[in-house]
Amino acid sequence: MSLKAGIVGLPNVGKSTLFNAITNSHVEAANYPFATIKPNTGIVKVPDERLDFLTDLYHPERKINATFEFYDIAGLVRGASKGEGLGNQFLGAIRECDAIVEVVRCFDSSEIVHVENTVDPKRDIETIDLELAMSDYESVKNRIAKQTSKARINKDKVALYEMPILEILEKTLSEGKSARLAPLSEEQREYAEKNFFLLSLKPILYVANVSDSDYSDLDHCGYYQTVKQIAAEVGAECLPISCEIEYEISQLSDEEKRDFLATLGLEKSGLERLTRAAYDLLGLKTFFTSGKDECRAWTFKEGMKAPECAGIIHSDFQKGFIKAEVFSYDDIHELRSEEAIKEKGRLRIEGKDYVMQDGDIVFFRFNV
């Protein structure tokens, strides 16, 4: 599965520094607005200790992690949806992303200019939310204009189904509210998510970019506590991350990273925590294929059945699905070999109705 997250925020809040850290790239992160002109994209490997273990066990020719694609667009400013600044012209680049990562500045600095001259996480979040909503409002109005005549004159079934949904969204967005607050039924919301590509309807993850001094004392960081409270109110996740520290960590070797994280009292880097939070936000899980030729992690949505997961590897696997030979990561971690798993009777044969579980190690049998 191709997974994408769009990184948004005001100028100079740490978006590009975070992007540099998680993708280990070197895009410009300057102390002035709109340093990011073109949208930057980067594909990162999803860290997974289970895949590392399987690789050490099987010694395959190839190890392939799951991946996540990040888009870093120009900083948005007040009025971006009406053409102010440079951000709005790039919003189209993230309309097909699976989630939004909103970076919020939670540190004071006389050296780094804030576009509003003062640091206020609540105001900044409201600004970004409003601009995303207004951009969606224009998108919904345009779709209504196209579907109105189809529904009224042609009695087009798709248009007739969409119009009530669009009208509810238009009312909510016209009030400057996010589309996720629109009173849609579960079916209508699912349809809108799949077909309208609205930014303010996407799952959102807040990254509170705190100073390195606040990183170890978050309880007393008022800026972070504000973002945490706002996230809780809308059912979103809030991750405290020091983008500067993460960039420093990204330049270190694996051993140096472990030592540095230990000095900070952390077990995982911001990248690992961000990726895990994004997976949880999107309801994503991981299954594995393993052998002497390759150990690989595959991403699937929670609730998917075995044939659908087989289709992630290749469409022919789903079409000709016969059965799945499955054992759990916990079993291979405990018993250390497939032979021992078979002897203990822990190798399962699953059919078309089997709902895949996180950590399943599977061999699909198919016939085309």
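Rules and cut-offs
- Residues numbered from 1 in each chain as written.
- Predicted model: local features only at pLDDT ≥ 70, side-chain atom pairs only at ≥ 80, totals over all residues.
- Heavy atoms only, no water.
- Helix = DSSP H or I, 4+ residues; strand = E, 2+ residues; numbered from the N terminus.
- Buried < 20%, exposed > 50% of the residue type's maximum accessible area, 1.4 Å probe, protein only.
- Pairing = 2+ DSSP bridges.
- Core = buried A, V, L, I, M, F, W, Y, C linked by side-chain atoms within 4.5 Å.
- Contact = heavy atoms within 4.5 Å.
- 1 Å grid on protein atoms, 1.4 Å probe; cavity = no way out; pocket = protein on both sides within 12 Å on 5 of 7 lines; lining within 4 Å.
- Points joined across faces, edges and corners; volume = space filled by probe spheres on them.
- Nonpolar A, V, L, I, M, F, W, Y, C, P; charged D, E, K, R; others polar.
- Axes fitted to C-alpha atoms, helices over the stretch in contact; angles between N-to-C directions.
- Phe/Tyr/Trp six-rings, centres within 6.5 Å; stacked < 30°, edge-to-face > 60°.
- Lys NZ or Arg CZ within 6 Å of the ring centre and 35° of its normal.

*Asks:* Where do I start with unusual backbone geometry in this structure?
*Replies:* Excluding glycine, residues mostly carry a negative phi; peptide bonds, for their part, are mostly trans. You will see that Asn12, though not glycine, has its phi angle at about 60°, which is positive. Relative to the assigned elements, Asn12 resides in the loop between strand S1 (4-8) and helix H1 (15-23). Overall, Asn12 belongs to the buried group, its relative accessible area being 14%. Positive phi outside glycine occurs at Phe197, with the angle close to 55°. By the secondary structure assignment, Phe197 is in the loop between helix H5 (186-195) and strand S6 (204-210).

*Asks:* Could you clarify how one ought to interpret the pairing of S6 in this entry?
*Replies:* A regular strand carries its side chains on alternate faces of the sheet. Here S6 lies mainly inside the structure; seven of its seven residues are buried. Along S6, one buried face is formed by Ile204, Tyr206, Ala208 and Val210 and the opposite face, lined by Leu205, Val207 and Asn209, is buried too. Here seven bridges tie strand S5 (residues 99-106) to S6, and the two strands are oriented parallel to one another. Its bridge partner lying in S6, Val103 is registered against Val207. By the bridge criterion, five bridges tie S6 to strand S7 (residues 237-241) in an arrangement that is parallel. The residue bridging Ala208 from the neighbouring strand is Pro240, located in S7.

*Asks:* Teacher, can you tell me more about the nonpolar core here?
*Replies:* Of all hydrophobic cores here, the largest spans 72 residues; its most connected members are Phe68, Phe70, Ile94 and Ile332. If we skip the residues at most four places from it in the chain, Ile94 touches Gly6, Val8, Tyr71, Ile73, Ile100, Leu199 and Lys202. Membership of the second largest hydrophobic core comes to 20 residues, among which are Tyr137, Ala151, Leu169 and Leu201.

*Asks:* Sorry, what's going on with empty space enclosed by the protein here?
*Replies:* The method is simple in principle: a probe with the dimensions of a water molecule rolls over the atoms, and the space it marks as empty is what remains. The final tally for this structure, using the stated rule, is one cavity of 30 Å³ or more. Counted as a void, the largest cavity has a volume near 30 Å³. Around the largest cavity sit Leu10, Val13, Glu102, Val103, Val104, Asp124, Ile125 and Ile128, which together line it. If you list the elements that add at least two residues to the lining of the largest cavity, you get S5 and helix H3 (121-152). Along the lines of polarity and charge, the residues of the lining of the largest cavity split into six nonpolar, no polar and two charged.

*Asks:* Teacher, can you tell me more about helix H10 (residues 306-313) here?
*Replies:* Residues spaced three or four apart along an α-helix point in a common direction, a consequence of the helix completing one turn every 3.6 residues. Those residues of H10 that fall on the buried side of the exposure criterion are Ala306, Pro307, Cys309, Ala310 and Ile312. Tucked into the core, H10 has its buried residues touching strand S8 (284-289), strand S9 (294-301), helix H11 (315-319), strand S10 (321-328) and strand S12 (360-366).

*Asks:* Would you take a moment to explain the sheet that holds S5 for this structure?
*Replies:* Sheet strands pair by backbone hydrogen bonding; their relative direction is either parallel or antiparallel. Spatially, the six strands line up as an open sheet ordered S2-S4-S1-S5-S6-S7, and their pairing is mixed. Two strands bound the open sheet, and with one partner strand each, they are strand S2 (40-45) and S7. Averaged over all pairs of adjacent strands, the angle between strand axes in this sheet comes to 25°, irrespective of strand direction. Note: S1 against strand S4 (residues 67-72), four bridges, orientation parallel. Across the sheet, Ala5 pairs through a bridge with Phe70, a residue of S4. With respect to the sheet, H3 is in contact with S1, S5 and S6, its orientation differing from that of S5 by roughly 150°. Together, S5, S6 and S7 form the strand contacts of helix H6 (residues 222-233), whose direction differs from that of S7 by roughly 160°.

*Asks:* Before we go on, may I ask you to explain the environment of Lys155 in this structure?
*Replies:* Secondary-structure assignment places Lys155 in the loop between H3 and helix H4 (157-174). A relative accessible area of 55% places Lys155 in the exposed class. Taking the C-alpha atoms as reference, Lys155 lies 43 Å from Ile230; in sequence the two are 75 residues apart. Beyond its immediate sequence surroundings of up to four residues, Lys155 is in contact with Lys150 and Leu160.

*Asks:* What is the right way to read the packing of aromatic side chains from this model?
*Replies:* Here the structure, examined in full by the defined rule, presents 10 aromatic pairs. Ring centres of Tyr191 and Phe196 lie 5.8 Å apart, and the angle between their planes is 80°; on these two criteria the pair is classed as edge-to-face. Its relative accessible area of 6% is what places Phe196 among the buried residues. Of the aromatic side chains, those joined through ring pairs into one cluster are Phe287, Trp298, Phe300, Phe321 and Phe364. Just above the ring of Phe107 sits the side chain of Arg105; from NZ or CZ to the centre is 4.5 Å. Geometry around Trp298 places Arg296 over its ring, the cationic atom sitting 4.0 Å from the centre.

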